[in-house]
Amino acid sequence: QVQLVESGGGLVQPGGSLRLSCVVSGILYRPNTMGWYRQAPGKQRELVAAITSNGPTNYTDSVKGRFTISRDNAKNTVYLQMNGLKSEDTAVYYCNRQQGARIYWGRGTQVTVSS
């Protein structure tokens, strides 16, 4: 019913920037929450940032001041601007949408931070 497609991942040097995008399609309604999660090799998936349909955001402590989540409801798209990237940010990044009792996931996009 709901599809999420991420893009924007890649290889970047430490200190660099990337912007991830997630386009949502299907049966959409409000309220909802969009989020970015990540999963590094050997680690559990963790929340990076989330934004509600009304705008409030929250971030995990390790990315505060470096990452910014935003959304364009007219384009059904959520973004994650990542600045000051560190090697520990290397992971597969997943887009997530919660609406009603349902949770939907994208397939993920790889972000690799390495010199």
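Residues numbered from 1 in each chain as written. Predicted model: local features only at pLDDT ≥ 70, side-chain atom pairs only at ≥ 80, totals over all residues. Heavy atoms only, no water.

> Looking at this model, I keep getting lost on the environment of Q3. Mind explaining?
When you line up the elements, Q3 lands in strand β1 (residues 2-7). A relative accessible area of 40% places Q3 in the partly exposed class. As a C-alpha pair, Q3 and G108 span 105 residues in sequence and 12 Å in three-dimensional space. Residue contacts for Q3: discarding those within four places in its chain leaves V23, V24, S25 and G26. (Helix = DSSP H or I, 4+ residues; strand = E, 2+ residues; numbered from the N terminus. Buried < 20%, exposed > 50% of the residue type's maximum accessible area, 1.4 Å probe, protein only. Contact = heavy atoms within 4.5 Å.)

> Just to check I follow, could you spell out the pairing of strand β9 (residues 91-99) for this structure?
Regular strands show a simple pattern: their side chains alternate between the two faces of the sheet. Along β9, eight of the nine residues are buried, which leaves the element largely enclosed by surrounding structure. The pairing of strand β4 (residues 33-39) with β9 spans seven bridges and is antiparallel. Residue pairing across strands places T33 opposite Q98, the latter belonging to β9. Bridge count for β9 against strand β11 (residues 109-113) is three bridges, and the pairing is antiparallel. Considered in β11, the bridge of V92 is made with Q110. In terms of strand pairing, β9 meets strand β10 (residues 102-105) through four bridges, oriented antiparallel. Bridge pairing in β10 places Q98 opposite I103. (Pairing = 2+ DSSP bridges.)

> Just to check I follow, could you spell out the sheet that holds β1 for this structure?
Within a beta sheet, neighbouring strands are joined by backbone hydrogen bonds and run either parallel or antiparallel to one another. On the basis of which strands lie adjacent, the open sheet formed by four strands has the order β1-β3-β8-β7 and antiparallel pairing. With partners counted over all chains shown, the strands left at the sheet margins are β1 and β7 (67-72), one partner each. On average, each strand axis in the sheet is tilted by 15° relative to the strand beside it, whichever way the strands run. As judged from the six bridges shared by β1 and strand β3 (residues 18-26), these two strands associate in the antiparallel manner. Each residue of the ladder has a partner; that of E6, found in β3, is C22. (Axes fitted to C-alpha atoms, helices over the stretch in contact; angles between N-to-C directions.)

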